[in-house]
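Breakdown of the fold
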Amino acid sequence: SQQGEEDPQALSIQEGENATMNCSYKTSINNLQWYRQNSGRGLVHLILIRSNEREKHSGRLRVTLDTSKKSSSLLITASRAADTASYFCATDTRGTSYGKLTFGQGTILTVHP
Amino acid sequence: NAGVMQNPRHLVRRRGQEARLRCSPMKGHSHVYWYRQLPEEGLKFMVYLQKENIIDESGMPKERFSAEFPKEGPSILRIQQVVRGDSAAYFCASSPGEYYGYTFGSGTRLTVV
């Protein structure tokens, strides 16, 4: 598998439900970031979790990081129709190699009203 | 602060023409990164530049693609003799340094007809 792979590829839920997306990666990282992309639009940075952190919260978002398993999860609680978008995890290896983000293929989230 | 500005937003080129994509980083940011997103895929790193220097171009195709970030003015991603496979969204990101977060632009959507 590639660095920064998301699972599932697509997720369809009802408004009010929670959505969980997972990301796995292969190499050592400096930090891991989650981004949202609405159809045909640019990227919006959601949250960054450093390699020495295990959990981080931002509003309805909760991110966990398990460096021993090289995996992360993004939880969106009480989802809304406006959360419908593609979600990407990206690993940042700055500090171990020249800075660049490696993105996964993304999870397409659809929240039905 | 206007954020990362990319222009044009949309660019249509005929096969064989040249495409020039511009990126003005956020004020105070001296690190610029270019990414390409093919339809239904995640972003792929292309090149990392600092003022007047290419730091990492490991993601750039060997031919027809070039990038620069001059002392004055925006960063330019240049694609010569475009082909249909170059059709994609090209995103630029900037950061103030190696250990800081990234800010992405809204992207340039290139269509080759």
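1. Some points on the overall build of chain A
- Secondary structure assignment for chain A yields zero helices and 11 strands.
- Since a compact globule built from 113 residues should have a radius of gyration of about 13 Å, the 13 Å found for chain A is in line with a globular shape.
- Looking at the 113 residues of chain A, the share that counts as buried comes to 45%.
- Of all intrachain contacts in chain A linking residues separated by at least 6 positions in sequence, the fraction that spans at least 24 positions is 55%.
- By element, 45% of the accessible surface of chain A is carried by carbon and sulfur atoms, the whole surface being about 5,300 Å².
- On chain A, the mean spot of the 13 positive side-chain charges and the mean spot of the 10 negative ones are 7 Å from each other.

2. Focus: the packing of aromatic side chains
- Enumeration according to the criterion identifies eight aromatic pairs over all chains in this entry.
- Relative to Phe103(A), the ring of Tyr35(A) has its centre 5.6 Å away and its plane inclined at 50°; by these criteria the two rings are tilted. Highlighted residues: Tyr35(A) in strand S4 (residues 31–37) and Phe103(A) in strand S10 (residues 101–103), separated in sequence by 68 residues. Per residue, the accessibility class of Tyr35(A) equals that of Phe103(A), and both read buried.
- Measuring from centroid to centroid gives 5.3 Å for Tyr35(A) and Phe104(B), while their planes differ by 80°, and the two rings are edge-to-face. One end of the pair, Tyr35(A), is in strand S4; the other, Phe104(B), is in strand S10 (residues 103–104), on a second chain.
- Judged by relative accessible area, Tyr35(A) falls into the buried class, the value being 1%.
- What links up through ring pairs into an aromatic cluster is the set Tyr35(A), Phe103(A), Tyr35(B), Phe45(B) and Phe104(B).

3. A word on the state of the cysteines
All names here are of chain A.
- In total, this model carries two disulfides over all chains according to the counting rule given.
- Between the sulfur atoms of cysteine 23 and its disulfide partner cysteine 89 the distance amounts to 2.0 Å. Its S-S torsion of about 65° marks the bond between cysteine 23 and cysteine 89 as right-handed, since a negative value means left-handed. Taken together, the residues cysteine 23 in strand S3 (residues 19–24) and cysteine 89 in strand S9 (residues 85–92) connect sequence positions 66 residues apart.

4. Side note on the interface of chain B and chain A
- Every contact between the two is made by 24 residues of chain B and, on the other side, 20 residues of chain A.
- Between chain B and chain A lies a buried interface of about 1,800 Å² when both sides are counted; carbon and sulfur atoms form 51% of it.
- At the surface where chain B touches chain A, the tally comes to two residue pairs in polar contact (both at pLDDT 80 or more).
- Among the secondary structure elements, those contributing two or more residues to the side of chain B that touches chain A are strand S4 (31–37), strand S5 (43–50), strand S6 (53–56) and strand S9 (88–95) of chain B.
- Sorting elements by how many residues they give to the side of chain B that touches chain A places S5(B) first, with four residues.
- In terms of residue class, the side of chain B that touches chain A is made up of 11 nonpolar, eight polar and five charged.

5. A word on the confidence of the model for chain A
- Confidence along chain A averages 88 in pLDDT terms, with 91% of residues attaining 70 or more.
- Put simply, strand S1 (residues 5–7) of chain A is where chain A has its lowest mean pLDDT, 79, and strand S7 (residues 61–66) of chain A is where it has its highest, 97.

6. Here's the deal with the sheet that holds strand S7 (residues 65–68) of chain B
All names here are of chain B.
- The strand order across the open sheet built from four strands is S1-S3-S8-S7, with neighbouring strands paired in antiparallel fashion. For this open sheet the edge positions go to strand S1 (5–7) and S7, each flanked by a neighbour on one side alone. Averaged over all pairs of adjacent strands, the angle between their axes in this sheet comes to 15°, without regard to strand direction.
- Here strand S3 (residues 19–24) pairs with strand S8 (residues 75–79) via five bridges, running antiparallel. Looking at S8, one finds that leucine 21 is bridged to leucine 77.

7. Thoughts on the sheet that holds strand S6 (residues 55–58) of chain A
Residue and element names in this part refer to chain A.
- Ordered by their spatial adjacency, five strands build an open sheet running S1-S3-S8-S7-S6, and the pairing between neighbours is antiparallel. Of all strands in the sheet, those with a lone pairing partner are S1 and S6, marking the two edges. Mean inter-strand twist for the sheet, computed between neighbouring axes without regard to direction, equals 20°.
- Note that S1 and S3 share three bridges and pair antiparallel. Bridging across to S3, glutamate 6 finds its partner in cysteine 23.

8. Let's talk about the environment of His29(B)
All names here are of chain B.
- Secondary-structure assignment places histidine 29 in the loop between S3 and S4.
- Spatially, the C-alpha atom of histidine 29 lies 5.1 Å from that of serine 95, the residues being 66 residues apart in sequence.
- Not counting residues up to four positions away in its chain, the partners in contact with histidine 29 are Ser94, Ser95, Pro96 and Thr103.
- In this structure the side chain of histidine 29 is engaged in a polar contact, spanning 3.4 Å, whose partner is the backbone nitrogen of serine 95.

Reading the values: the criteria
Residues numbered from 1 in each chain as written. Chains lettered and ligands numbered in written order. Predicted model: local features only at pLDDT ≥ 70, side-chain atom pairs only at ≥ 80, totals over all residues. Heavy atoms only, no water. Helix = DSSP H or I, 4+ residues; strand = E, 2+ residues; numbered from the N terminus. Rg over C-alpha atoms; globule rule 2.2 N^0.38 Å. Buried < 20%, exposed > 50% of the residue type's maximum accessible area, 1.4 Å probe, protein only. Contact = heavy atoms within 4.5 Å. Areas by Shrake-Rupley, 256 points an atom, 1.4 Å probe, with all protein chains shown as cover. Lys, Arg positive; Asp, Glu negative; His and termini not counted. Charge placed at Lys NZ, Arg CZ, Asp CG, Glu CD. Phe/Tyr/Trp six-rings, centres within 6.5 Å; stacked < 30°, edge-to-face > 60°. Disulfide = S-S within 2.5 Å. Buried area = accessible area lost by both parts, 1.4 Å probe. Polar contact = N/O pair within 3.5 Å; in protein donor to acceptor, adjacent residues only side chain to side chain. Nonpolar A, V, L, I, M, F, W, Y, C, P; charged D, E, K, R; others polar. pLDDT = per-residue confidence, 0-100. Pairing = 2+ DSSP bridges. Axes fitted to C-alpha atoms, helices over the stretch in contact; angles between N-to-C directions.

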